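Here are the chains, one letter per residue:
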Amino acid sequence: MALWSGRFEEGAAPVTQAFGASLPVDKALYKQDIAGSRAHAQMLAAQGIISEEDAEAIRAGLAAIERDIDAGAFTFDIADEDIHMAIEAELTRRIGEPGARLHTGRSRNDQVATDTRLAAKALAKRLMQANLGLRHALLEAAERAGDTVLPGMTHLQHAQPVLFAHHLLAYAWMLARDFTRLHAAFDAADASPLGAAALAGTTYPLDRRLTAQLLGFTGVVENSLDAVSDRDFLLDLEYACSVAAVHLSRLSEEIVLWSSQEFGFITLSDAYSTGSSIMPQKKNPDFAELIRGKCGRVVGDLVQLLVTMKGLPLAYNKDMQEDKEGALDAARTLEQCLAVMTGMVGTWTVNADRMRASMARGHLAATDVADYLAKRGMPFREAHAVVGHLVLEAERSGCDISELPLETFQAANELFGADIAGAFDLDAIVAARTTEGGTAPAAVAEQLRRAQARYLVDENAVKLLSPVVEMGAAGAA
Ligand code: ARG
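Below you will find a few notes about this structure.

**Focus: the nonpolar core**
Item 1. Of all hydrophobic cores here, the largest spans 106 residues; its most connected members are Leu237, Ile255, Met341, Trp348, Phe409 and Phe416.
Item 2. Sorting elements by how many residues they give to this core places helix α7 (residues 108–145) first, with 16 residues.
Item 3. For Leu237, the residues in contact, after removing those within four places along its chain, are Ala120, Leu123, Ala124, Leu127, Leu182 and Ala185.
Item 4. Membership of the second largest hydrophobic core comes to 21 residues, among which are Met43, Ile50, Ala86 and Leu210.

**What to know about the pairing of strand β2 (residues 157–163)**
Item 1. Where strand β1 (residues 149–154) lies against β2, six bridges are found, and the strand directions are antiparallel. Bridge pairing in β2 places Gly152 opposite Gln160.

**Observations concerning empty space enclosed by the protein**
Item 1. One pass over the structure, following the stated rule, counts two cavities of 30 Å³ or more.
Item 2. Its volume calculated, the largest cavity comes out at about 50 Å³.
Item 3. Considering the residues around the largest cavity, the lining is formed by Leu29, Thr116, Ala119, Ala120, Leu123, Leu234, Lys324, Ala327 and Leu328.
Item 4. Those elements giving two or more residues to the lining of the largest cavity turn out to be α7 and α13 (323–347).
Item 5. Residue classes in the lining of the largest cavity are distributed as seven nonpolar, one polar and one charged.
Item 6. Looking at the second largest cavity, its volume works out to about 40 Å³.
Item 7. Every residue lining the second largest cavity is listed: Arg135, Leu139, Ala172, Trp173, Ala176, Ala451 and Arg454.
Item 8. The greatest single-element share of the lining of the second largest cavity, amounting to three residues, is contributed by helix α8 (residues 164–189).
Item 9. Of the residues assigned to the lining of the second largest cavity, the class counts are five nonpolar, no polar and two charged.

**A word on the site of the ligand**
Item 1. The local shell around the ligand consists of Ser22, Asp82, His84, Arg108, Asn109, Val112, Tyr316, Gln321 and Lys324.
Item 2. In this structure, a nitrogen atom belonging to the ligand sits 3.0 Å away from a side-chain N or O atom of Asp82.
Item 3. Protein burial of the ligand: of its 340 Å² of free accessible surface, 86% is covered by the chains.
Item 4. With three residues, the single largest contributor to the shell around the ligand is α7.
Item 5. Of the residues in the shell around the ligand, the class split is two nonpolar, four polar and three charged.

**Overview of the pattern of salt bridges**
Item 1. Under the definition given, this model contains 29 salt bridges.
Item 2. Residue Arg126 is joined to Glu335 by a salt bridge in which the shortest nitrogen-to-oxygen separation is 2.9 Å. One end of the pair, Arg126, is in helix α7; the other, Glu335, is in helix α13, with 209 residues separating them in the sequence.
Item 3. For Arg126, a relative accessible area of 32% puts it in the partly exposed group.
Item 4. Close ionic contact of Arg449 with Glu446 constitutes a salt bridge, the shortest N to O distance being 3.0 Å. One end of the pair, Arg449, and the other, Glu446, are both in helix α19 (residues 441–463), three residues apart, so they sit about a helical turn from each other.
Item 5. The exposure class of Arg449 is partly exposed, given its relative accessible area of 49%.
Item 6. Judged by relative accessible area, which is 27%, Glu446 ranks as partly exposed.
Item 7. One continuous salt-bridge network, built from bridges that share partners, spans Lys31, Arg38, Glu66 and Asp70.

**Remarks on the packing of aromatic side chains**
Item 1. Enumeration according to the criterion identifies nine aromatic pairs in this entry.
Item 2. Centroid distance Tyr372 to Phe416: 5.6 Å. Interplanar angle 15 degrees. Geometry classified as stacked. Of this pair, Tyr372 sits in helix α15 (residues 366–374) while Phe416 sits in the loop between α17 (406–412) and α18 (426–431), and the two are 44 residues apart along the sequence. The same class applies to Tyr372 and to Phe416, which are both buried.

**Regarding the side chain of Gln32**
Item 1. Within the secondary structure, Gln32 is located in helix α3 (residues 30–46).
Item 2. For Gln32, a relative accessible area of 0% corresponds to the buried category.
Item 3. One polar contact links the side chain of Gln32 to the main-chain carbonyl oxygen of Val469, over a distance of 2.7 Å.
Item 4. Those residues within four positions of Gln32 in sequence are excluded, and the remaining contacts are Asp115, Leu118, Ala119, Val469, Glu470 and Met471.

Cut-offs used in this document
Residues numbered from 1 in each chain as written. Predicted model: local features only at pLDDT ≥ 70, side-chain atom pairs only at ≥ 80, totals over all residues. Heavy atoms only, no water. Core = buried A, V, L, I, M, F, W, Y, C linked by side-chain atoms within 4.5 Å. Buried < 20%, exposed > 50% of the residue type's maximum accessible area, 1.4 Å probe, protein only. Helix = DSSP H or I, 4+ residues; strand = E, 2+ residues; numbered from the N terminus. Contact = heavy atoms within 4.5 Å. Pairing = 2+ DSSP bridges. 1 Å grid on protein atoms, 1.4 Å probe; cavity = no way out; pocket = protein on both sides within 12 Å on 5 of 7 lines; lining within 4 Å. Points joined across faces, edges and corners; volume = space filled by probe spheres on them. Nonpolar A, V, L, I, M, F, W, Y, C, P; charged D, E, K, R; others polar. Near = heavy atom within 4 Å. Polar contact = N/O pair within 3.5 Å; in protein donor to acceptor, adjacent residues only side chain to side chain. Areas by Shrake-Rupley, 256 points an atom, 1.4 Å probe, with all protein chains shown as cover. Salt bridge = Lys/Arg side-chain N within 4 Å of Asp/Glu carboxyl O. Phe/Tyr/Trp six-rings, centres within 6.5 Å; stacked < 30°, edge-to-face > 60°.

Remember that the coordinates give geometry; whether it matters functionally is a separate question.
This is how it looks when you write it as structure tokens:
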């Protein structure tokens, strides 16, 4: 019999039991559920709503249940429907009447919102830490890269040479924005719904500020209806996960390209590569591909919750039970992807010579040859056309623009002098792009300093987060 079976004459149809249960998913929140009950009971006693003895029996009973679940010595029964009823029913079996007083002034509606917010905070914090881990690896790789140059691309075509460090730092900044989004998701979850009860508040003199404080929430949700029906904090978390997963997918795509025979820019370590069961020579970037693939799954989790929430009237609706599976999946998936990417970046070998060799093709100096003319007085548009024709000539003779003889340049325009050869020096081309945020070594060194400073700011921000209730390892299985 379910805890709510009082007004029913018949039992539920057997087919509804597994269908209606959220226990297989929300048992992962047992530590959050127990923390919520512990705080609620302590507050009930402080307000004189239950006795101190009852509160103590509840506290000890919950502690024993938590130890059992931690140890994997607790058998969950699907008949209990969800984690809230599983723990409350077991508590009452163990300690009797005090257990039956726990649900005073509380509903599963504010209880599940509390558990889920606590879980969202814990997940966001872990993801912020994993984000810092990958950023650290990227910053180190950028530092190691020194003045290594590779062909910068647009449309996947050779465009202009850039520092490899510059390319890596672009990802470090993308990840810095991911951190900001994860922090915002943490903050969105950081208010206590407890005390909203079913939807309207309760007749008991609850102290919502006390339970909020005991649970590490920075404040309380202001409106009881909003408290039980808001899942924006999960949408925020899943959006933050989705954008981060898109970033990792883009980096993965580059890793797949770079590690191919055609590019050969990097060699992945054996630890982050796989072989083929038939082709003995193969060393595949499976894990980069898999991170690229997992992105679809994380974005799918976000879309699922958006669609689930659309059109729900206030306040709680059972549809919302579909909120946790995707959020847990998105966060766990992203956390794994971040950890694997961190290892991959930290252990790859950079083939600077292959990057350098590939720059002999693609007329990477073309913009600078046009700038050569423009700096000697020719309008840039005209210079662009002159160089365009030189590129055409080079293509016809199957060489790079830098390999055309001086006479060809001088025939194309009288402004060309013997010093045009200087415009082909790829290191000089890079060094000349001294714009703030540009690819010149000095500008990149400054950028690296700023990215490192930003890293330290974010590392400190994790220390300043309000307390979290960590996810339990057991029960999540
Ligand atoms: N298992 C439910 C969920 O995950 C808990 C809240 C259920 N409340 C209710 N009145 N049915 O959303």
